[in-house]
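As a plain string of letters, each chain reads:
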Amino acid sequence: MNKPLRRVAVFCGLLVLALLARVNYVQFVQADQLANDTHNRRVAINQYAQPRGDIVVDGKPVTGHTTTSGSDFKYKRTYTDGPMWAPVTGHASQAFGTSFLEGVEDKFLTGNDDRLFFNRTIDLLTGKQKQGGNVVTTLNAKAQEAAFKGLGNKKGAVAAIDPRTGAILAMASTPSYDPSTIAGNSTTDETNWVNLQKKADSDDPMLNRAIRQTYPPGSTFKLVTAAAALQSGKITDVDKGTQSPDPYPLPGTTINLVNEGSIPCKDASLRQALQYSCNTVFGKLGADMGLKTMVDEAEQFGFNKEQLVPVRVDASNFDTKMSPDQVAQSSIGQFDTAATPLQMAMVASAIANNGTLMQPYEVDRLVAPNLSTIAQTSPKKLSEPLSPENAQKLQSMMETVVDKGTGTNAKIPGVRVGGKTGTAQNGLNNAGKPYAWFVSYAMTDQGSPVAVAVVVEDGSANRDDISGGGLAAPIAQKVMEAVLNK
Amino acid sequence: MSASNTTTITSIGAPNRRNTELALLVFAVAIPVFAYINVGLAKNDSVPAGLLGYGVGLGVLAGGAHLLVRKFAPYADPLMLPIATLLNGLGLVLIWRLDQEPSITTPALGGPMAPKQLMWSAVGLALFVIVLIFLKDHRILQRYTYISMFTAMVLLVLPIFFPGVNGAKIWITLPGIGSLQPGEFAKIVITVFFAGYLMVKRDALALASRRFMGLYLPRGRDLGPILVIWLMSMLILVFETDLGTSLLFFGLFVIMLYVATERTSWIVFGLLLSGAGAAVVGTSEPHVKIRVDNWLHPLKLAANGGVTETAQSQYAFGSGGIFGSGLGQGYSRLIGGIAPKSDYILSTVGEELGLAGLMAVLLLYALLIERGMRTALAARDPFGKLLAVGLSGAFALQVFVVAGGVTGLIPLTGMTMPFLAQGGSSVIANWALVAILLRISDTARRPAPSPAPSPDAEATQVVRSQ
């Protein structure tokens with residue numbers, strides 16, 4: 001009987017071996033995947049097992065934490081001025097995950113980031129509780145407040161950039177929400193969450209309109225067309241008359257492109273055309289330069305590409321396949337052209353920064369709990385859409401717009417301000433309410449410290465330039481003042 | 001060696017190794033005590049209040065058992081008692097640790113279970129001692145072959161008349177005592193029956209067969225009992241929806257048949273029959289079907305969008321990683337219900353002690369099984385051999401089926417991890433199982449009685465070279 005007995009013993013050994021192989025597979029090979037699975041509640045528990053680090057603006061945290069009881073989660077996020085900062089901070093919710101900076105820098109805020117390993121080890125040895133790192137933003141609290149208050153109860157968004165570095169100074173979006181109300185995992189939080197969804201609230205308060213919504217840029221896009229005309233050599237003297245008919249028959253069609261109201265656009269110079277916002281001049285310019293020149297210039301400014309600031313910014317759109325008449329329409333910001341407010345702020349900032357476009361960013365540095373800097377963002381050049389000479393020509397044109405054109409509402413005494421208004425038609429046959437745009441920059445002796453783009457949905461007035469100048473320009477002016485008076 | 005005993009057969013057998021057992025027992029008690037302190041520190045930042053009672057209690061129980069082994073089974077295997085004590089002690093700590101989780105220790109789920117488990121462990125150890133004292137020789141069990149068969153049948157059939165729990169009818173409820181899992185006891189009783197029956201019939205089964213396609217086909221009348229057992233295991237599967245027990249009994253019978261007859265054809269038959277049965281039941285029985293489905297897609301969400309127990313246990317294993325989160329610092333309670341204390345207790349081991357701890361626990365089981373197999377090899381009588389291989393084989397199958405099910409190697413079945421999992425019947429039955437194995441090993445390792453002094457010893461004296 002011993003021979004089969006030995007075989008049975010070997011068989012039992014194989015059974016145990018199979019078990020050992022299996023547990024090695026599950027706990028070693030698959031371990032990471034299982035431990036970080038989205039349905040593994042431990043991920044969320046660990047996320048809130050210690051106070052999250054703070055998101056800091058101007059040296060002051062805009063976030064905080066409280067302890068909660070009666071659930072798996074020990075700490076809950078709180079927000080100061082939640083609605084104002086929500087487009088920047090996003091939310092960190094025990095039940096509904098994270099978004100924006102809370103999401104992108106989640107690992108650092110929870111203290112799980114590898115770069116905090118050393119700090120964690122020291123804390124472990126000294127018996128201190130694990131702590132999250134802080135995220136120091138580039139935002140300017142006064143500018144943000146000016147933007148948020150300026151938008152008030154209107155629907156819209158503001159993006160402001162320091163053109164010299166690309167640092168984002170303001171990012172406001174209305175209507176907004178208070179992320180504190182959805183930070184926990186109680187039934188109240190759940191009700192709040194459901195009510196904030198687009199399904200329940202057509203205003204979609206959780207949408208960050210500054211970076212996640214693209215609008216037809218309307219006349220503000222004429223800045224890009226003007227830049228293309230200067231860069232391509234199509235126009236060298238901005239005060240020399242162009243040969244432009246009024247109205248301008250769109251090439252290959254029987255449709256006439258017209259101007260809003262009775263403005264002097266026939267054969268206008270580029271400066272005049274921008275000052276009065278002539279559709280005919282810029283439409284013809286775009287069609288004459290052709291698709292490739294326009295696409296190249298738009299992409300130099302950042303169109304057709306997602307940006308990471310480090311929060312993802314939706315790609316703005318300038319079609320790459322169009323017929324000449326479509327190019328003409330696109331060149332005045334209509335047809336399929338679409339831009340985020342941040343994208344238009346980038347256009348203004350490139351012009352203000354003498355032609356150099358800096359990569360926009362909103363995180364200045366990551367700071368460990370012991371206040372040592374773990375990572376510092378250094379300004380980076382993104383592209384050079386304009387030569388310095390051409391940029392200065394465009395600056396002087398934009399300043400004309402503010403001095404005596406459609407953007408007089410943005411004037412700031414004693415400061416050079418350049419701007420461009422826009423009212424974009426929305427929907428088929430203008431069915432939707434138009435969007436009022438204003439993009440501008442302010443200039444001081446040390447270059448331009450701020451470029452800003454404002455969009456207000458529901459610009460209900462009829463005339464193109466009055467609504468952009470009337471609704472959006474005052475907000476841009478307040479934001480620029482906030483930065484300048486700092 | 002005295003001059004009066006100069007035969008070439010020495011009467012000196014293996015050393016009895018009782019001191020080894022004592023030394024190992026010290027570890028087997030110390031490790032759970034440290035684990036207990038560890039849980040207390042992790043959960044409440046203080047040494048648990050019941051430490052002295054638990055430590056002294058476990059020590060006294062293990063020490064007492066050791067003294068009785070010393071007295072009644074002096075040559076018994078020295079590893080089995082320490083391993084069983086260690087596993088039982090660790091199980092108690094794990095259950096006590098899970099008792100600290102309010103969400104799975106609600107009154108509706110039976111409240112804290114560690115005290116009851118401690119009581120059942122004591123009862124188990126008492127049974128262990130009783131078996132050692134009263135079962136002077138395992139061959140006595142041979143007399144009860146047919147009584148065992150009858151008892152096993154009754155034990156297996158009983159749960160059909162009681163309501164099912166969590167889809168499996170493996171419980172009987174006795175008023176005043178609580179619920180019992182007769183399958184655990186049936187496991188031992190049926191092994192006694194198989195051993196007795198096969199010892200008598202082994203020649204008929206092995207030799208009276210025709211050769212067909214390279215296999216020895218047994219005669220119909222010898223095939224009968226196999227078909228009966230197969231049918232019975234299928235009936236258990238169908239009526240009690242207990243995949244584990246039916247697999248266990250059938251596997252046990254095949255192993256013992258193979259060892260008794262030394263015919264490979266029995267294994268082929270066994271595999272064919274169990275394969276056929278599993279295929280039919282696996283596709284038709286909804287309860288089993290769900291388990292197979294859970295096994296194939298462990299991370300699939302439940303119908304209501306929630307995370308299934310299977311997935312939760314996988315997450316627990318994955319989150320434990322190599323070294324584990326530390327005792328008391330895991331979240332295996334997320335598995336829900338009393339599952340982490342019984343069905344899924346290995347998930348707690350995996351999460352809190354990590355891959356290292358889980359492998360250590362599995363190796364403890366492997367060691368216990370190996371000692372059982374060794375006992376079978378060393379046993380001198382066929383009944384003892386069959387009984388020992390049957391008991392350790394059943395133990396091995398149970399460990400494999402449960403651990404394999406929990407870790408996702410095979411579909412999950414409703415059996416308990418011996419010694420580790422919460423459950424009175426299981427602890428008691430497994431202590432009895434270890435006691436019988438110990439008794440067989442004692443008989444096997446006991447030195448042969450000294451031959452009577454031979455009158456002509458002088459004439460056959462071996463002349464040594466130096």
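Refer to the structure above for everything that follows.
Residues numbered from 1 in each chain as written. Chains lettered and ligands numbered in written order. Predicted model: local features only at pLDDT ≥ 70, side-chain atom pairs only at ≥ 80, totals over all residues. Heavy atoms only, no water.

A.B. asks: Please explain a nonpolar patch on the surface as it appears in this structure.
C.D. replies: On the surface, a nonpolar cluster with roughly 550 Å² of combined accessible area is contributed by Tyr25, Phe28 and Val29 of chain A together with Ile322 and Phe323 of chain B. You can see Phe323 of chain B is positioned in the loop between α11 (309-320) and α12 (345-352). A residue is classified by how much of its surface remains accessible, and Phe323 of chain B, at 68% relative accessible area, is exposed. (Patch = residues over 30% accessible without salt bridge, like charges linked within 9 Å, V, L, I, M, F, W, Y side chains within 5 Å. Areas by Shrake-Rupley, 256 points an atom, 1.4 Å probe, with all protein chains shown as cover. Salt bridge = Lys/Arg side-chain N within 4 Å of Asp/Glu carboxyl O. Helix = DSSP H or I, 4+ residues; strand = E, 2+ residues; numbered from the N terminus. Buried < 20%, exposed > 50% of the residue type's maximum accessible area, 1.4 Å probe, protein only.)

A.B. asks: Explanation requested: empty space enclosed by the protein in the structure shown.
C.D. replies: A probe as big as a water molecule, rolled over the atoms, marks out the empty space that is left. All names here are of chain B. Counted by the stated rule, this structure contains seven cavities of 30 Å³ or more. The volume enclosed by the largest cavity comes to roughly 130 Å³. Every residue lining the largest cavity is counted, 16 residues in all, and those nearest its centre are Gln181, Gly183, Glu184, Asp242 and Thr245. Every element with two or more residues in the lining of the largest cavity is listed here: α5 (145-157), α6 (182-207) and α8 (243-261). (1 Å grid on protein atoms, 1.4 Å probe; cavity = no way out; pocket = protein on both sides within 12 Å on 5 of 7 lines; lining within 4 Å. Points joined across faces, edges and corners; volume = space filled by probe spheres on them.)

A.B. asks: Is there a simple way to think about the side chain of Ser148 of chain B in this case?
C.D. replies: Here Ser148 of chain B shows up in helix α5. By relative accessible area, which is 6% here, Ser148 of chain B ends up buried.

A.B. asks: Teacher, can you tell me more about the environment of Thr98 of chain A here?
C.D. replies: All names here are of chain A. Structurally, the position occupied by Thr98 is in strand β6 (residues 97-98). Take Thr98: its relative accessible area is 28%, and that puts it in the partly exposed class. Thr98 sits 85 residues away from Ala183 along the chain, and the two C-alpha atoms are 9.4 Å apart. Aside from chain neighbours lying at most four places away, what touches Thr98 is Gln47, Tyr48, Arg52, His91, Ala92, Gly103 and Asp106. (Contact = heavy atoms within 4.5 Å.)

A.B. asks: What should I look at first to understand the sheet that holds strand β19 (residues 435-444) of chain A in this one?
C.D. replies: Backbone-to-backbone hydrogen bonds join strands into a sheet, with any given pair of strands oriented parallel or antiparallel. Residues and elements named next belong to chain A. What the five strands build is an open sheet, ordered β9-β8-β20-β19-β18; its pairing is antiparallel. Looking at the sheet topology across the chains shown, the edges are occupied by β9 (168-174) and β18 (416-424). Ignoring which end each strand starts from, the neighbouring axes of this sheet average 10° apart. Examined bridge by bridge, strand β8 (residues 156-161) and strand β20 (residues 447-456) share six bridges and lie antiparallel to one another. When the sheet's bridge partners are listed, Ala157 is paired in β20 with Val455. The sheet contacts of helix α17 (residues 388-404) involve β18 and β19, and relative to β18 the element is tilted by about 75°. (Pairing = 2+ DSSP bridges. Axes fitted to C-alpha atoms, helices over the stretch in contact; angles between N-to-C directions.)

A.B. asks: What exactly am I supposed to notice about the interface of chain A and chain B here?
C.D. replies: It is common to report an interface's size as the accessible area lost on association of the parts. Contacts between chain A and chain B engage 31 residues on the former and 48 residues on the latter. For the pairing of chain A and chain B, the buried interface totals around 3600 Å² over both sides, and the portion due to carbon and sulfur atoms is 74%. Sorting the residues of chain A by area buried against chain B places Met1, Gln27 and Arg42 of chain A first, and these three jointly supply 23% of that buried surface. Seen at the junction of chain A and chain B, the total is one salt bridge. Here Arg42 of chain A makes a salt bridge to Glu351 of chain B, at a shortest N to O gap of 2.8 Å. Applying the counting criterion to the chain A and chain B interface returns ten residue pairs in polar contact (both at pLDDT 80 or more). Elements with a contribution of two residues or more to the side of chain A that touches chain B: α1 (2-29), α2 (31-35) and α3 (41-47) of chain A. With 19 residues, α1 of chain A is the largest single contributor of residues to the side of chain A that touches chain B. Its residues assigned to classes, the side of chain A that touches chain B shows 18 nonpolar, six polar and seven charged. (Buried area = accessible area lost by both parts, 1.4 Å probe. Polar contact = N/O pair within 3.5 Å; in protein donor to acceptor, adjacent residues only side chain to side chain. Nonpolar A, V, L, I, M, F, W, Y, C, P; charged D, E, K, R; others polar.)

A.B. asks: Honestly, the sheet that holds strand β16 (residues 373-376) of chain A in this entry has me stumped. Any pointers?
C.D. replies: Residue and element names in this part refer to chain A. Judged by pairing direction, the sheet is mixed, and its five strands sit side by side in the order β2-β1-β7-β15-β16 without closing on themselves. Sheet topology places β2 (60-61) and β16 at the edges, where each strand pairs with a single neighbour. As paired elements, strand β7 (residues 134-137) and strand β15 (residues 363-367) share four bridges and run antiparallel to each other. Across the sheet, residue Asn134 finds its bridge partner in β15, namely Val367.

A.B. asks: Looking at this model, I keep getting lost on unusual backbone geometry. Mind explaining?
C.D. replies: Generally, phi is negative for residues other than glycine and the peptide bonds are trans, each holding for most cases. All names here are of chain A. Cis geometry marks the peptide bond from Asp246 to Pro247; its omega dihedral reads -5°. Relative to the helices and strands, Pro247 resides in the loop between α11 (222-231) and β10 (248-249). The amide bond that connects Val309 to the next residue, Pro310, takes the cis arrangement and shows omega of 0°. Along the polypeptide, Pro310 turns up in the loop between β12 (307-308) and β13 (312-313). Residues other than glycine seldom take positive phi values, yet Asp204 does so here, at roughly 50°.

A.B. asks: Would you mind showing me how to read the packing of α6 of chain B against α8 of chain B here?
C.D. replies: Angle between the axes and distance between the axes are the two parameters that describe a pair of packed helices. Residue and element names in this part refer to chain B. Closest axis-to-axis distance for the α6/α8 pair is 9 Å, and the angle between their directions is 30°. Viewed along their axes, α6 and α8 adopt a mutual orientation that is roughly parallel. Handedness of the α6/α8 crossing: right-handed. In this structure, α6 uses Gly183, Ala186, Lys187, Ile190, Thr191, Phe194, Ala195, Leu198, Arg202, Leu205 and Ala206 to contact α8, whose residues at the interface are Leu248, Phe249, Leu252, Phe253, Met256, Leu257, Ala260 and Thr261. (Parallel < 35°, antiparallel > 145°, perpendicular 65-115°, else oblique. Left-handed = near helix turned anticlockwise from the far one by under 90°.)

A.B. asks: Is there a simple way to explain the pairing of β7 of chain A in this structure?
C.D. replies: Side-chain direction in a regular strand flips from residue to residue, so the side chains alternate between the two faces of the sheet. All names here are of chain A. A two-sided burial pattern is seen for β7, the buried positions comprising Asn134 and Val136 on one face and Val135 and Thr137 on the other. In this sheet, β7 lies alongside strand β1 (residues 55-57) in parallel orientation, the contact comprising two bridges. Pairing of Ile55 across the sheet is with Val135, part of β7.

A.B. asks: For this particular structure, what's the right way to read helix α1 (residues 18-44) of chain B?
C.D. replies: Because each turn of an α-helix spans 3.6 residues, side chains separated by three or four positions in sequence point in the same direction. All names here are of chain B. Compared with the 39 Å implied by 1.5 Å per residue over 27 residues, the 39 Å span of α1 between its first and last C-alpha is a close match. The set of residues buried in α1 consists of Arg18, Glu21, Leu25, Ala28, Val29, Pro32, Val33, Ala35, Tyr36, Ile37, Val39 and Gly40. Residues of α1 that are buried make contact with α2 (51-72) and α3 (80-99). Of the residues trailing α1, Asp45 is marked for its positive phi of about 60°. (Expected span 1.5 Å × (residues − 1).)

A.B. asks: Quick question: what am I supposed to make of the pattern of salt bridges here?
C.D. replies: Here the idea is simple: oppositely charged side chains can pair when their charged atoms come close. Residue and element names in this part refer to chain A. By the definition in use, this model includes 35 salt bridges over all chains. Among the ionic pairs, Asp239 bridges to Arg271, the shortest N-O distance being 2.7 Å. Residue Asp239 is located in the loop between α11 and β10, and its partner Arg271 is located in helix α12 (residues 270-276); the two are separated by 32 residues in the primary sequence. Taken together, the shared-partner salt bridges connect Arg52, Asp54, Arg77, Glu102 and Asp106 into one network.

A.B. asks: Help me understand the environment of Val56 of chain A, please; the structure alone is not making it clear to me.
C.D. replies: All names here are of chain A. Note that Val56 resides in strand β1. Once the C-alpha coordinates of Val56 and Asp246 are considered, the two residues, 190 residues apart in sequence, prove to be 53 Å apart. If we skip the residues at most four places from it in the chain, Val56 touches Pro61, Asn134, Val135, Val136 and Thr137.

Any functional reading would require information beyond the geometric quantities listed.
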